[in-house]
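Architecture at a glance
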Amino acid sequence: MGELKHFFHEHELILNEVEPVVGKNVECAMCRQPINKHIDAFYSGNTFATDGTSSSNSVGFFMHKTCCELPTTFTHPMIPQHPLKLLEYRRKKVQFSLCNVCDGGSQGFYYGADNKNFSVCLKCVKYELKSLEQRTRWHPGHNHPLTLVQSPALFLCHACNTTATDLSYICTICSFYIHKSCANAPVTYQCKFHNQHTLILAYSLPLEYRDFFWFCNICSKTINPIYWIYYCANCRFFAHFKCASSSEMLRDDDEADSGGSNLMHFPAHDEASLHEMMQQCITKTALLHNSAIVEPSPYINHWTHEHQLALRNKNAEASILDLNGKLEDTELLICDGCTKPIILVDDDVFYECNSCKFFLHRSCAQFPESFEHHLAGRLFISRIKFATLSCKGCGISHNGILMWNETIWLDIVCASLPAKIKHEGHRHALDQLKSPDVNYCRACCDIVRDKEAIMYGCEKCGFFIHLRCALRPHVVKHRWDSHPLYLILFPKDVSDHPHDYDCEFCSQQIYPGGWFYHCNTCDLSFHVHCIDPFIFYSNMKFGATNIYSRSHAHQHGLTSVLNKKKRQCQICWKDAFGDPVLECSPCKYIVHINCFLF
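Now for a quick tour of the structure. Here the residue numbering is sequential within each chain, running from 1 through the sequence in written order. Selection of residues for local features in this predicted model requires a pLDDT of at least 70, selection of side-chain atom pairs for listing and counting requires 80 or more, and totals for whole chains, interfaces and linings are taken over all residues. In computing side-chain properties, one takes all heavy atoms of the structure into account and sets aside hydrogens as well as water.

Moving on to the overall build of the protein chain. Here a helix means four or more residues in a row that DSSP labels H or I, a strand means two or more in a row labelled E, and each is numbered from the N terminus. A count of helical and extended segments in the protein chain gives ten helices and 42 strands. For every residue, the accessible area (1.4 Å probe, protein chains only) is compared with the maximum for its type, and the residue is labelled buried under 20%, exposed over 50%, or partly exposed between those bounds. A total of 598 residues make up the protein chain; the buried ones form 47% of that total. Across the protein chain, every contact between residues at least 6 apart in sequence was considered, and the portion connecting residues at least 24 apart equals 54%. Surface accessibility in these figures is a Shrake-Rupley result with a 1.4 Å probe; residues are shielded only by whichever protein chains are displayed. Entry remark: accessible area of the protein chain is about 30600 Å², with carbon and sulfur atoms responsible for 50%. Contact definition: two residues touch when any of their heavy atoms are within 4.5 Å.

Here it is in structure tokens:
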């Protein structure tokens, strides 16, 4: 232990001998910064009063050892012509001042020049008194030694990729700059947006994750692999260095932009819920644009069919009867308008042709002949009965009722979807828009090459998804798994899953940053486009019979089916697996629908 007589205190100070009072905030009398008795070397003694005498009611006087050893005068290299003196703010009748070197605040003591408006804080003086070797720091985030620059500067930080003004560490070998605050960042961090596990600091994206590109789970922007990140390996949670420590994920305008409960929320729970939501959209469009809607008539003549259609409900007599003369609940009726199932509940009605197995939802039968679409302009109603046309909204082939103009085709579901929705996959509301310049679907990870395609997106975050991906239900069933499969929107939704996800259908690795279906019980996963490998023909109604063509004659009438076997088209001789075809079962004859009709 040593003793010191300091010129700012009349009594002798003892090095590290007097314990700071438990429960009190102990700070240095010179720099007014806290003293950590377990780390810092410090001198202690009696407190002096304003008249310079010892205070009988004092709890102690404390000074950092480094502060005690500061010289009484100092010449700073910025003003070498004016020597600086160690001064006390209290004697100058001020309690606080900004340092002219680092712009930081200074309390207690400072260095100043007589009659000069210039002050330097103790921290800057300590820095100048250090040798070059003492100013150098080796950091695990860089291969060369870093030197602290005490003056604040505006620069692009190679750690956090921001340009905030701060003190900096620089590398004189390769011009590497990082904020001092970044250099002092903890190697592990408990993030409020991912509280399952502690995040780990990485000085670049780890090599094992560079097969894919990633997005920040907090701000949704792209992760640049060369900058520092915090991540959780178990959950594939990645966050920008600055985003991980942000206090709020939502911005001020998020709630106002979202539209709250007035927006339609996705994903739907399951397929049945999704079909109900689609019928709500079609019904709303019909009510909005068709002033002639009245109570349903018992019989109608509809332009889509050559026969009269009869109004039916679940308990009505119809063409598909069970032994008791009622509709079979297990029989799936497909609407020839939207090509979606007719979900039968007690008060539902639909139209049917008794002899053709032709069905229309009531709302599809009342759909307007034309209306003004918010993106596509004036659309007109049409139907291509057997040929296939791809909808510009969902990209799926359709043979029901379509809306069209000279530049676009939309099936009546996509034409009826709301202009703005809320989806659990993104924190902001999503607007319907034409294919943007950043035309990458964040759900299925496919590139959108059609500039006329319609998507849902958040332009301020660069987040865009296909319409068909927005319609993916939360829960689906698959014949390969007895459990329900759940839509995974974020990798963190499957916790403690450090190994890769492989698709059971295509055997390819799944990008965890996109959406996929997963069973926690069996650890089975599927790409969103592999859960239904025939999705691009899922909006086609098959089963039409007695189809003939003058250009490509066949002795028997053909039936439209989706071919799920390895067979060749008898016209183009290409493989027809997974394609819509016309077939003659007795002759084992199949042709692509478009090859046969055109």
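There is more to say after this.
With that settled, consider the pattern of salt bridges. Whenever Lys or Arg places a side-chain nitrogen within 4 Å of a carboxyl oxygen from Asp or Glu, that contact is recorded as a salt bridge. Per the counting criterion, the structure on display carries eight salt bridges. One salt bridge in this structure joins Lys420 and Asp431, with 3.1 Å as the shortest N-O distance. You can see Lys420 sitting in strand β30 (residues 420-423) and its partner Asp431 sitting in strand β31 (residues 430-434), a full eleven residues away along the chain. Overall, the relative accessible area of 29% leaves Lys420 in the partly exposed class. For Asp431, a relative accessible area of 32% gives the class partly exposed. Of the charged contacts, one joins Glu583 and Arg567 as a salt bridge, the two residues approaching to 3.3 Å between their closest N and O atoms. Placement of the pair is Glu583 in strand β41 (residues 580-584) and Arg567 in the loop between β40 (559-562) and β41, with a sequence separation of 16 residues.

Leu360, Leu410, Ile465 and Trp515 are the most contacted members of the largest nonpolar core, which totals 77 residues. Looking at which element gives the most residues to this core, the answer is helix α6 (residues 271-289), with five residues. Residues within four places of Trp515 in sequence aside, it is in contact with His423, Gly425, Arg442, Ala443, Phe463, Ile465, Cys469, Leu487, Ile488, Leu489 and Val528. Core analysis: the next-biggest nonpolar cluster, separate from the first, contains 41 residues, Tyr169, Ala202, Ile218 and Ile223 among them. Put simply, a nonpolar core is a bunch of buried Ala, Val, Leu, Ile, Met, Phe, Trp, Tyr and Cys residues held in one set by side-chain atoms that sit within 4.5 Å of each other.

What follows is about the sheet that holds strand β25 (residues 377-383). What the four strands build is an open sheet, ordered β24-β25-β28-β29; its pairing is antiparallel. The strands lining the two open edges of the sheet, one partner per strand, are β24 (370-373) and β29 (409-411). Within the sheet, the average angular offset between the axes of one strand and its neighbour, ignoring direction, is 35°. Bridge count between strand β28 (residues 401-404) and β29: three bridges; the pairing is antiparallel. Counterpart to Trp404 in the pairing with β29 is Trp409. Strand pairing requires that DSSP identify at least two bridges connecting the strands. Structural elements are reduced to axes, namely lines fitted to C-alpha atoms, with helices fitted over the stretch in contact, and the angle between N-to-C directions of any two is expressed from 0 to 180 degrees.

Looking at chain direction, strand β34 (residues 475-478) and strand β35 (residues 481-488) are connected through three bridges and run antiparallel. Each bridged residue has a counterpart across the sheet, and for His478 the counterpart in β35 is Asp481. Here β34 folds back onto β35 in antiparallel fashion, the turn holding two residues. Bridge analysis of β35 against strand β38 (residues 516-519) gives three bridges, and the strand direction is antiparallel. Among the inter-strand pairings, Tyr486 is bridged to a residue of β38, identified as His518.

The next subject is the sheet that holds β31. The strand order β19-β30-β31-β32-β33 describes an open sheet built from five strands, whose pairing is mixed. Edge strands, defined here as strands with exactly one partner in the open sheet, are β19 (264-266) and β33 (463-466). Here the average twist between neighbouring strands, direction ignored, is 40°. Summarising the sheet, β31 and strand β32 (residues 454-458) pair through four bridges and their orientation is antiparallel. Each residue of the ladder has a partner; that of Leu433, found in β32, is Met455.

Time to look at the environment of Ile401. Locating Ile401 in the fold gives a position in strand β28. Judged by relative accessible area, Ile401 falls into the buried class, the value being 0%. Remark: the alpha-carbon pair of Ile401 and Asp411, spanning ten residues in sequence, is separated by 6.3 Å. Those residues in contact with Ile401, other than ones at most four positions away along the chain, are His302, Trp303, Thr304, Asp336, Gly337, Leu360, Cys364, Ile381, Ser382, Asp411 and Ile412.

As a further point, take the side chain of His302. Residue placement: His302 occurs in the loop between β20 (299-300) and β21 (309-313). Residue His302 is classed as buried on the basis of its relative accessible area of 9%. A polar side-chain atom of His302 sits 3.2 Å from the main-chain carbonyl oxygen of Ala365. Those residues within four positions of His302 in sequence are excluded, and the remaining contacts are Leu309, Leu360, Cys364, Ala365 and Ile401. The definition of a polar contact used here is a pair of N or O atoms within 3.5 Å, where within protein one atom must be able to donate a hydrogen and the other to accept one, and adjacent residues in sequence count solely through side-chain atom pairs.

The subject of this paragraph is α6. Between its terminal C-alpha atoms α6 stretches 27 Å, which fits the 27 Å expected from 19 residues at 1.5 Å a residue. Within α6, the full set of buried residues consists of Leu274, His275, Met277, Met278, Gln279, Cys281, Ile282, Thr285 and Ala286. Where α6 is buried, its residues meet β19, β23 (358-361), α7 (362-365), β24 and α8 (412-416). Helices are assigned an expected span. That span is 1.5 Å times one less than the residue count.

Reported here for the largest pocket is a volume of approximately 1200 Å³. Looking at the largest pocket, it is lined by 43 residues, and the ones nearest its centre are Glu271, Asp532, Phe534, Ile535 and Ser538. Counting only elements with at least two residues in the lining of the largest pocket, the list comes to α6, α8 and β34. Side-chain classes follow a simple rule in which Ala, Val, Leu, Ile, Met, Phe, Trp, Tyr, Cys and Pro form the nonpolar group, Asp, Glu, Lys and Arg form the charged group, and the remainder, Gly included, forms the polar group. Grouping the amino acids of the lining of the largest pocket by side-chain chemistry returns 26 nonpolar, six polar and eleven charged. Think of a 1 Å grid over the protein atoms and nothing else: a 1.4 Å probe that fits but is trapped marks a cavity, an open set flanked by protein within 12 Å on at least five of seven lines marks a pocket, and residues with an atom within 4 Å of a point count as lining. Grid points are joined across faces, edges and corners, and a volume is the space filled by probe spheres set on the points.

What follows is about the packing of aromatic side chains. Classification of ring pairs uses Phe, Tyr and Trp, with its six-membered ring standing for Trp, and accepts pairs whose centres are within 6.5 Å; under 30 degrees between planes counts as stacked, over 60 as edge-to-face, and the remaining range as tilted. Per the stated rule, a full pass over the model turns up 25 aromatic pairs. Only when the NZ atom of a Lys or the CZ atom of an Arg is both within 6 Å of the ring centre and within 35 degrees of the ring normal do we say a charge sits over the ring. Seen from the ring of Phe215, Arg442 lies directly overhead, with NZ or CZ sitting 3.3 Å from the centre.

A few words now on the state of the cysteines. Disulfide: a pair of cysteine sulfur atoms within 2.5 Å of each other. All told, the structure shown has zero disulfides when counted by the stated rule. Cys124 carries a free sulfur, and the closest cysteine sulfur to it, the one in Cys121, is 3.6 Å from it. Exposure remark for Cys124: the relative accessible area of 1% places this residue in the buried category. Between Cys191, a free cysteine, and Cys216, which holds the nearest cysteine sulfur, the sulfur-to-sulfur gap is 8.8 Å.

Shape descriptors only; they carry no functional weight alone.
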